Protein chains: 2
Amino acid sequence: MPPSQRRQPKQARSRELVERILTSAGELFAGQGYPNVTTNHIAEHADVSVGSLYQFFAGKEEILAALQDKWTARLGAELDERLRVGPGTDIAETVDQVLDVHAALNRQPPGLLGFLLISTAGTDHGNGVVAAIHRRLVDLLTLRARSLSRQQMDVVASMLVHITNGLYSVGLAAGANDPAVRAEVRAALLGYLTPMLTGSDERI
Amino acid sequence: MPPSQRRQPKQARSRELVERILTSAGELFAGQGYPNVTTNHIAEHADVSVGSLYQFFAGKEEILAALQDKWTARLGAELDERLRVGPGTDIAETVDQVLDVHAALNRQPPGLLGFLLISTAGTDHGNGVVAAIHRRLVDLLTLRARSLSRQQMDVVASMLVHITNGLYSVGLAAGANDPAVRAEVRAALLGYLTPMLTGSDERI
DNA sequence: GTATTATCCGAGCTTTAGCTCGCGTTTCAC
DNA sequence: GTGAAACGCGAGCTAAAGCTCGGATAATAC
């Protein structure tokens, strides 16, 4: 399904223009808040005319969707690269890697990743984005937590998505690089996962 | 600091009108999403004229702020009432109570509490609202976790606010009454809190 | 009962976000 | 080099959100 009937950038300069638009939109969304940003702002900030913007995007929502795709793809790629898990990998190490990736991506621009993840809630497109992350997590869990039922895995994956998203988004974004906060998020994730993976969880 | 220079409702009918406006706004915000709701929608849905609405509220943002105040006050009152904790109270019980209160408030209208809590992020007013909840939690922790330093308590309180807010808001709101989801949220909170309160946490 | 204050209303004015369209410019294919 | 396609532009149109104001009604004070 094509994002819209708009023109697809073919030449290098238009691809760069689209890139500038996305970058500016990201900075503005994260900085001013989605409702306060207009397509005119984005165009101006990107040093591009509105007309050009509308050649490639149908509107603000489509820009948001494109950003979500771009960043979740980036997030997924980073995770794939770092999480070469075998059955023997230490959980704590895995959690650290995940937190590293999140923190790094959420830094430039600050808070954007968190905003994007939060803003998936409710929209059709957002559901797809979350589903992709969810799938990846279930794959990960399959390697680690074979004692869990399929249904349990789904719930656990949801939990993980929302713990990390939620924490790194709703307010903790600012403190994500604060070691104390970081340590607590780590403790929370491990506190949740450890009993489950070591089998000491009576719910299993 | 007065919310605005608007008129304060003095008579019973105007207080009821303000009430209707807030109720309608809550339903619409939770149902249609904040950006899609206009003051005209709210007035119409509340069966009130826009003019009347603007006599008591300066605009949409102020209505949101009023809703945040009202619901966090309600949340705080419910928690105070149910969480008569002494040093001997069971943690699991406390967590259950907190989840009960959240779930109940988030039910009518569905998702409103979650939306309100999320939407505090970033705004000045929202910071105040979160600070109030935060303060209450630190009080609670003071009774339970005396071994924590003041700074640690702050971080832990932040974590708790964001775990509950985040989880019950970003996507889990829909499933908040699903027993499986509920059980996982419970497990996550206990997994985080138990080591800390029993002193088996090596970070303390 | 009368003056005063509080309230309520909604047509319509103002502002602004959203968006298009025609034209000039650049790149590409051959 | 030349025609075609891709691109870039921004003044300005459109629709809708935000909001006011003057006048009518209801509550309250005395």
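Residues numbered from 1 in each chain as written. Chains lettered and ligands numbered in written order. Predicted model: local features only at pLDDT ≥ 70, side-chain atom pairs only at ≥ 80, totals over all residues. Heavy atoms only, no water.

### Examining the nonpolar core
Then comes step 1: One finds Phe29(A), Tyr192(A), Phe29(B) and Tyr192(B) to be the most contacted residues of the largest nonpolar core, which totals 116 residues.
Then comes step 2: Ignoring any residue separated from it by four or fewer positions in sequence, one finds Phe29(A) in contact with Tyr34(A), Val37(A), Ile42(A), Lys60(A), Ile63(A), Leu64(A), Leu67(A) and Phe115(A). (Core = buried A, V, L, I, M, F, W, Y, C linked by side-chain atoms within 4.5 Å. Buried < 20%, exposed > 50% of the residue type's maximum accessible area, 1.4 Å probe, protein only. Contact = heavy atoms within 4.5 Å.)

### Here we look at the protein's contact with DNA strand D
Then comes step 1: Neighbouring residues of DNA strand D: 25 residues in total, closest Lys10(A), Gln11(A), Ser14(A), Gly51(A) and Ser52(A).
Then comes step 2: Backbone atoms, meaning sugar and phosphate, make up 68% of the atoms of DNA strand D lying within 4 Å of the protein.
Then comes step 3: In this structure, a phosphate oxygen belonging to DNA strand D sits 2.5 Å away from a main-chain N or O atom of Lys10(A).
Then comes step 4: Within the contact set of DNA strand D, a base nitrogen lies 3.4 Å away from a side-chain nitrogen or oxygen of Asn40(B).
Then comes step 5: Contributing elements (two or more residues each) for the surface near DNA strand D: helix 1 (12-32) and helix 3 (50-56) of chain A together with helix 2 (39-45) and helix 3 (50-56) of chain B.
Then comes step 6: Per-element tally for the surface near DNA strand D: the top contributor is helix 3 of chain A, with 4 residues.
Then comes step 7: When the residues that make up the surface near DNA strand D are grouped by side-chain class, the tally is 7 nonpolar, 12 polar and 6 charged. (Near = heavy atom within 4 Å. Polar contact = N/O pair within 3.5 Å; in protein donor to acceptor, adjacent residues only side chain to side chain. Helix = DSSP H or I, 4+ residues; strand = E, 2+ residues; numbered from the N terminus. Nonpolar A, V, L, I, M, F, W, Y, C, P; charged D, E, K, R; others polar.)

### Re the environment of Ile42(A)
Residue and element names in this part refer to chain A.
Then comes step 1: Among the secondary structure elements, Ile42 is positioned in helix 2 (residues 39-45).
Then comes step 2: Judged by its relative accessible area of 0%, Ile42 falls in the buried class.
Then comes step 3: When the C-alpha atoms of Ile42 and Trp71 are compared, they prove to be 18 Å apart, with 29 residues separating the residues in sequence.
Then comes step 4: Non-local contacts of Ile42, meaning those with residues more than four positions away in its chain, are made with Ile21, Ser24, Ala25, Leu28, Phe29, Val37, Leu53 and Ile63.

### Regarding the protein's contact with DNA strand C
Then comes step 1: Taken together, 26 residues are adjacent to DNA strand C, and Arg7(B), Lys10(B), Gln11(B), Ser14(B) and Gly51(B) come closest.
Then comes step 2: Considering the 4 Å shell around the protein, atoms of DNA strand C inside it are sugar or phosphate in 66% of instances.
Then comes step 3: Separating a phosphate oxygen of DNA strand C from a backbone N or O atom of Thr39(A) is a distance of 3.3 Å.
Then comes step 4: Contact distances for DNA strand C include 2.8 Å between a base nitrogen and a side-chain N or O atom of Ser49(B).
Then comes step 5: Mapped by element, the contributors of at least two residues to the surface near DNA strand C are helix 2 and helix 3 of chain A together with helix 1 (12-32) and helix 3 of chain B.
Then comes step 6: Residue contributions to the surface near DNA strand C peak at 4 residues, all from helix 3 of chain B.
Then comes step 7: Partitioned by chemical class, the residues of the surface near DNA strand C number 7 nonpolar, 13 polar and 6 charged.

### Side note on the packing of aromatic side chains
The relation between two aromatic rings is expressed through the spacing of the ring centres and the mutual angle of the planes.
Then comes step 1: Following the criterion strictly, the structure yields 6 aromatic pairs over all chains and no others.
Then comes step 2: Aromatic side chains Phe29(B) and Phe115(B) sit 5.9 Å apart centroid to centroid with 50 degrees between the ring planes, which places their arrangement in the tilted category. With Phe29(B) in helix 1 and Phe115(B) in helix 6 (residues 112-118), this pair connects stretches of sequence that are 86 residues apart.
Then comes step 3: Take Phe29(B): its relative accessible area is 1%, and that puts it in the buried class.
Then comes step 4: Owing to a relative accessible area of 19%, Phe115(B) belongs among the buried residues under this scheme.
Then comes step 5: Ring pairs connect the aromatic residues Phe29(A), Tyr34(A) and Phe115(A), which therefore count as one cluster. (Phe/Tyr/Trp six-rings, centres within 6.5 Å; stacked < 30°, edge-to-face > 60°.)

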